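# Notes for the structure review
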Amino acid sequence: MGTVSEPLKCPVCQDFFTEPVTLQCGHNFCLTCIRAVWETDESTEGPFFCPECQIFLPPNLTLDINTSLQEKVKDFTTNQQPAAAETDSTAASSLIIHCDHCIEKPCVAIQTCLTCDASLCQAHAQLHQQRSALREHTLVDVTKDPLSLKCREHRDELKLFCMEEKIPVCCLCVLVGVHKHHKASQLHEASADFRSMLVANMNNLLKRRGEAEHTIKDLESLYTQTVKSAADFREKISDKYSRIRVVLDADERLMMQIIDAEESYMTDWLEAQRGITETQIKEIDRLRASNKALLQETNDLQFLQQIRSQNLCDPLDFPPLLAVNRDLCDHEKLKTIERLVDDLSLALSQHFPRMWSYLSSPALDPKTAHPKLEISPDKKQVYWRRHRVGDRPNPQPYDSQYSVLAQESFTNGQHYWEVIVQDKPFWLIGVTTGLLTKKTSPVQSSSSLGVNSTSWCIYHGDGQYLACHDTQEKQLPVAKRVRKLGILANIQKGELSFYDADAMTLLHSFCVQCTEPLYPMFNPCIDMTGVNRQPLTLFWIKDPWNWEDDEK
């Protein structure tokens, strides 16, 4: 047969012999296999024949166990290594199947008779179909394992299809077997039905594939559009800021020029005043020197003549000295410039710092996550883990239990963070005081999000938005679906505000008066049917600008 183990296998079941018996023709079979072929038991009398050589056997045939062959099978199966067995199986599967009727000169079999459990060459297959007694036999394409096409329990042909169990069965299975009272159809009818179903499925799949390809094209188009829009807006915003900087630079330059001019005019005037005063000092010094020289004259006549000639007969009438008027040096225009700059700063301060100036991206704390939640490696996303059989029965999408806290808490200052929700049908986002004790696990403490006095949140369910706090719910009039939720915590003012982060429009504001740290909290809600599997994602930017540090 080409392998060592082949003579130890039954020609009917193609497996190692079990209780092998040897017929008078010398062929060996399993006891149960030969009885199945003959469709008989120990009390039935012939006719008996050999499935291998087709010779008829005497009616008083007795089947005795071939103990010698049985021992050989036992020894071989015990000592055979798994690798060798696999090699034998591979080699056996590659062997050509020969006709069971061609004894002297084996021919290649082309069909197998399931009724006879025999492989037939082309000549014997034609002969099989020509004999009236054999025309009802079932012929199939040649197979090494005809029993695989038969009922394992009754060794009968699989001619019916159980519509309840969705498996081929034999007639006895439906009449007296485990498929009794089951609805069954003919194989060709069931095959036709399933073929029609498969054709419909293929058409539906083809349609779905077309829809999916169209969706891919739309996504690619949106991706390209998003990239282009971002580039366009980046250019527009940069241009607007450039214009703002041009205006501010021009205004600064104007103010500096005015200061320079004011300084120039003021210093010129002061220099002029200084020159006048210095001239007066020189004239005084000249007169003092002249008077001093006259006082040294001892001749009275000459003294009086010089006084007469110098017009010194009368006391000198000095013009008053210019007093320094400090009011004229008051820098009123410089103060006006400073006031104008202050007005500009005040006008800008109404828009600065932006709420985004306080933007942070707190990392999620896996230690506080509910066991049914999954946290991404970067701790920026939280998913609902697939619901398993045996989990909490009939959970509702609005279940505050399935939450996770952020690692960071807030006790002072202003803090703002955004959560990307996109088109998730269910989510719940807020803050809690995160009161944890040694007896309270993070999961237990998070179970009260939005339903006690120490937690505040926004819940979204199928287009409806609710503001939840202390068991109270308030429906919010939200016209446009929120894609990103923004949360601003102003600890000093005791305000907690929720925004549509894209439009920067206020959704709801809570008054929060507490002394404990506030923890951001996130609940992606349950995903029962695959429509709520999207994560909650924390929005973050690279190298955020700390406005408070910059003010310091």
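In the block above lies the structure referred to throughout.
Please read these numbers as outputs of a predicted model, since none were measured by experiment.

This part covers the overall build of the chain. Assigned secondary structure in the chain consists of 10 helices and 23 strands. The buried share among the 552 residues of the chain stands at 32%. The long-range fraction of contacts in the chain, counting pairs at least 24 apart against all pairs at least 6 apart in sequence, stands at 56%. If you sum the accessible surface of the chain, you get close to 36300 Å²; carbon and sulfur atoms cover 54% of it.

The subject of this paragraph is the packing of aromatic side chains. Inspection of the entire model under this criterion finds five aromatic pairs. Considering the side-chain rings of Phe-161 and Phe-194, the 5.3 Å spacing of their centres and the 75° angle between planes classify their relative orientation as edge-to-face. Of this pair, Phe-161 sits in strand S8 (residues 160–162) while Phe-194 sits in helix H6 (residues 187–295), and the two are 33 residues apart along the sequence. With a centroid separation of 6.1 Å and an interplanar angle of 65°, the aromatic rings of Trp-427 and Tyr-465 are classed as edge-to-face. One end of the pair, Trp-427, is in strand S15 (residues 426–432); the other, Tyr-465, is in strand S17 (residues 464–469), and 38 residues separate them in sequence.

We now examine the nonpolar core. Core analysis: the largest hydrophobic core is formed by 35 residues, its most contacted members being Trp-417, Val-419, Ile-429, Leu-485, Leu-496 and Phe-522. If we ignore the near neighbours within four places in the chain, the residues touching Val-419 are Ile-429, Arg-483, Lys-484, Leu-485, Ile-487, Phe-522, Leu-536, Thr-537 and Leu-538. Counting 22 residues, the second largest nonpolar core, distinct from the first, contains Leu-8, Val-21, Trp-38 and Cys-50.

Side chains bearing opposite charge may pair, as long as their charged atoms lie close to each other. Per the stated rule, a full pass over the model turns up eight salt bridges. Residue Arg-274 pairs with Glu-278 through a salt bridge whose shortest N-O separation is 3.1 Å. Separated by four residues within a single helix, Arg-274 and Glu-278 lie in helix H6, roughly one turn from each other. Its relative accessible area of 52% is what places Arg-274 among the exposed residues. When the shortest N-O distance is used, the salt bridge between Glu-283 and Arg-286 registers 2.4 Å. Note that Glu-283 and Arg-286 are positioned in helix H6 at a spacing of three residues, about one turn of the helix. The class of Arg-286 is partly exposed, set by a relative accessible area of 48%.

A contiguous nonpolar surface patch, about 650 Å² in accessible area, is contributed by Phe-233, Ile-237, Tyr-241, Ile-244, Leu-248, Leu-344, Leu-348 and Phe-352. When residues of the nonpolar patch are traced back to their parent elements, those giving at least two are H6 and helix H8 (332–349). The greatest single-element share of the nonpolar patch, amounting to five residues, is contributed by H6. Of note, Phe-352 is situated in the loop between H8 and strand S11 (373–375).

Next up on the list: helix H1 (residues 31–38). Of all the positions in H1, only Leu-31, Cys-33, Ile-34, Val-37 and Trp-38 are classed as buried. Down the axis of H1, the smallest arc covering the buried residues is 165°, so these residues share one side. In the core, the buried residues of H1 are packed alongside strand S1 (20–22), strand S2 (28–30), strand S3 (48–49) and strand S4 (56–57).

A word on the side chain of Ser-119. Relative to the helices and strands, Ser-119 resides in strand S6 (residues 118–120). Ser-119 gets classed as buried once you look at its relative accessible area, which sits at 7%. When residues no more than four places from it in sequence are discounted, the contact partners of Ser-119 are Ile-97, His-98, Cys-99, Asp-100, His-101, Ala-109, Gln-111, Thr-112, Val-142 and Thr-143.

Moving on to the pairing of S17. Judged from the six bridges that link them, strand S16 (residues 455–461) and S17 form a sheet pairing that is antiparallel. Each residue of the ladder has a partner; that of His-460, found in S17, is Tyr-465. Connecting S16 to the antiparallel partner S17 that follows it, the hairpin turn spans two residues, and Asp-462 within it adopts a positive phi of roughly 50°. Sheet topology note: the S17/strand S18 (residues 472–475) ladder contains four bridges and is antiparallel. Paired with Leu-466 across the two strands is Gln-475, which belongs to S18.

Let us look at the sheet that holds strand S20 (residues 495–500). Ordered by their spatial adjacency, seven strands build an open sheet running S11-S12-S23-S14-S19-S20-S21, and the pairing between neighbours is antiparallel. Both edges of this open sheet fall to S11 and strand S21 (505–511), since each of them pairs with a single strand only. Each neighbouring strand pair of the sheet contributes to a mean axis angle of 20°, computed without reference to strand direction. Bridge count between strand S14 (residues 414–420) and strand S19 (residues 484–490): seven bridges; the pairing is antiparallel. Bridging from a neighbouring strand, Gln-414 pairs with Asn-490 of S19.

Once that is clear, we can look at the pairing of S19. Along S19, six of the seven residues are buried, which leaves the element largely enclosed by surrounding structure. With six bridges joining them, S19 and S20 adopt antiparallel strand pairing. What sits directly across from Ile-487, in S20, is Phe-498. If you look at the hairpin formed by S19 and S20, you'll find four residues sitting between the two strands, and Gly-494 has a positive phi there, around 70°.

Here we come to unusual backbone geometry. Omega for the bond connecting Phe-352 with Pro-353 falls within 30 degrees of zero, at -5°, which places this linkage in the cis form. Looking at the element boundaries, Pro-353 is found in the loop between H8 and S11. One non-glycine residue, Asn-311, lies in the positive phi region at around 55°. Take Asn-311: it is sitting in the loop between helix H7 (300–309) and H8.

The next point concerns the state of the cysteines. By the definition in use, this model includes zero disulfides. With no disulfide of its own, Cys-162 lies closest to Cys-173 among cysteine sulfurs, the gap being 9.1 Å.

So, on to the sheet that holds strand S10 (residues 184–186). Strand order in the open sheet formed by three strands is S9-S8-S10, and the pairing between neighbours is antiparallel. Where the open sheet ends on each side, the last strands, each with one partner, are strand S9 (167–169) and S10. The sheet shows a mean angle of 40° between the axes of neighbouring strands, direction not considered. Note: S8 against S10, three bridges, orientation antiparallel. Paired with Phe-161 across the two strands is Ser-185, which belongs to S10. Across the sheet, H6 lies against S8, S9 and S10, angled at about 95° from S10, the strand it touches most.

Parameters at a glance
Residues numbered from 1 in each chain as written. Predicted model: local features only at pLDDT ≥ 70, side-chain atom pairs only at ≥ 80, totals over all residues. Heavy atoms only, no water. Helix = DSSP H or I, 4+ residues; strand = E, 2+ residues; numbered from the N terminus. Buried < 20%, exposed > 50% of the residue type's maximum accessible area, 1.4 Å probe, protein only. Contact = heavy atoms within 4.5 Å. Areas by Shrake-Rupley, 256 points an atom, 1.4 Å probe, with all protein chains shown as cover. Phe/Tyr/Trp six-rings, centres within 6.5 Å; stacked < 30°, edge-to-face > 60°. Core = buried A, V, L, I, M, F, W, Y, C linked by side-chain atoms within 4.5 Å. Salt bridge = Lys/Arg side-chain N within 4 Å of Asp/Glu carboxyl O. Patch = residues over 30% accessible without salt bridge, like charges linked within 9 Å, V, L, I, M, F, W, Y side chains within 5 Å. Arc of directions from axis to C-beta. Pairing = 2+ DSSP bridges. Axes fitted to C-alpha atoms, helices over the stretch in contact; angles between N-to-C directions. Disulfide = S-S within 2.5 Å.

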